[in-house]
Amino acid sequence: MKQQILQKIFDHFDDWSQQFSVACGKGCAVCCTQNVTMTTVEGALLFNFIKENKKESWLSEKLELLPDTKVQQTTNEFAKACLSGEETEIAEGTFDAVCPFLENKLCAVYPARPFACRCFASTITCSQGQSALLPTSHLSAATTLSQIIEHLDQFNPWGNMLHILYLLADESEGLHLRSKHDRSAIRDSCLTAQPLPGFLIGEEEAEIVVPLIETIFQTLVKGRTIEDILNNR
Ligand code: SF4
Ligand code: SF4
């Protein structure tokens, strides 16, 4: 059920994003140097894709070296702090290294990439030292949907993509990991997904972002709206 909801969110975001004209194209991958974070529901989708494509050994190789990074705040923790008037900044987190899933300048897990990667876009071509440029409504929608996905996976680990994948692969039967890492240290480097504290949509972005949320909330999954499922109704 969670993965079906996630896929609906991905599909609606893809459709909604078509209204923006971006400079992104195949082989353009400066954005694949960021610290991608995700939930375990996104991790499960990605892990299933890897298994379906019989790439377990490939994954095991990719997980031999894990990034030495610790996330500071989940998106919903950030939103909660903002909504209660605390001064806080979302940690951007850039790696010195390129994502190990980038091969020949293409994403090897593209159909199952996490939501953070689906938000990579820019109206100008990025280069080293030149960040992506996006309308605030796009950034607002990306934050809002990240919050919904985190809520969907609340109380499960939330963190760096490779850390989450390692936790999932480590508990998966039949997958032999080439390198064993300290599981509890990896869990400690992750946080825990939190329930939605409210949205951070500004007045100027509401007109374009709210219809996207309403469309997602009214989408049916197994005969119930996503809104009802998220609210346990
Ligand atoms: S976000 Fe930037 S680096 Fe990534 S595909 Fe778009 S233009 Fe290229
Ligand atoms: S998973 Fe794919 S899209 Fe995301 S950072 Fe890695 S190579 Fe880029």
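Preceding this paragraph is the structure being described.
Residues numbered from 1 in each chain as written. Chains lettered and ligands numbered in written order. Predicted model: local features only at pLDDT ≥ 70, side-chain atom pairs only at ≥ 80, totals over all residues.

Caption draft 1: Geometry of the sheet that holds strand β5 (residues 191–192). In space, the three strands of this open sheet follow the order β1-β4-β5, with antiparallel pairing throughout. The outermost strands of the open sheet, each flanked by one partner alone, are β1 (37–39) and β5. Two elements, β1 and strand β4 (residues 157–160), share three bridges in a ladder whose sense is antiparallel. Looking at the pairing, Thr39 lines up with Trp158 of β4. Sheet contacts for helix α7 (residues 161–170): β1 and β4; angle to β4, the most-contacted strand, approximately 130 degrees. (Pairing = 2+ DSSP bridges. Helix = DSSP H or I, 4+ residues; strand = E, 2+ residues; numbered from the N terminus. Contact = placed C-beta atoms within 7 Å. Axes fitted to C-alpha atoms, helices over the stretch in contact; angles between N-to-C directions.)

Caption draft 2: Region of the structure containing the site of ligand 1. Around ligand 1, the neighbouring residues are Ala23, Cys24, Cys28, Ala29, Val30, Cys31, Phe120, Ala121, Ser122, Thr125, Cys126 and Ala132. The class makeup of the residues in the shell around ligand 1 is 10 nonpolar, two polar and no charged. (Near = placed C-beta within 6 Å. Nonpolar A, V, L, I, M, F, W, Y, C, P; charged D, E, K, R; others polar.)

Caption draft 3: Structural context of the packing of helix α6 (residues 136–152) against helix α9 (residues 203–218). Closest axis-to-axis distance for the α6/α9 pair is 9 Å, and the angle between their directions is 35 degrees. In this structure, α6 crosses over α9, and the sense of that crossing is right-handed. Where α6 abuts α9, its residues Thr136, Ser137, Ser140, Ala141 and Thr144 lie against Glu205, Ile208, Val209, Leu212 and Ile213. The class makeup of the residues in the contact of α6 with α9 is five nonpolar, four polar and one charged. (Left-handed = near helix turned anticlockwise from the far one by under 90°.)

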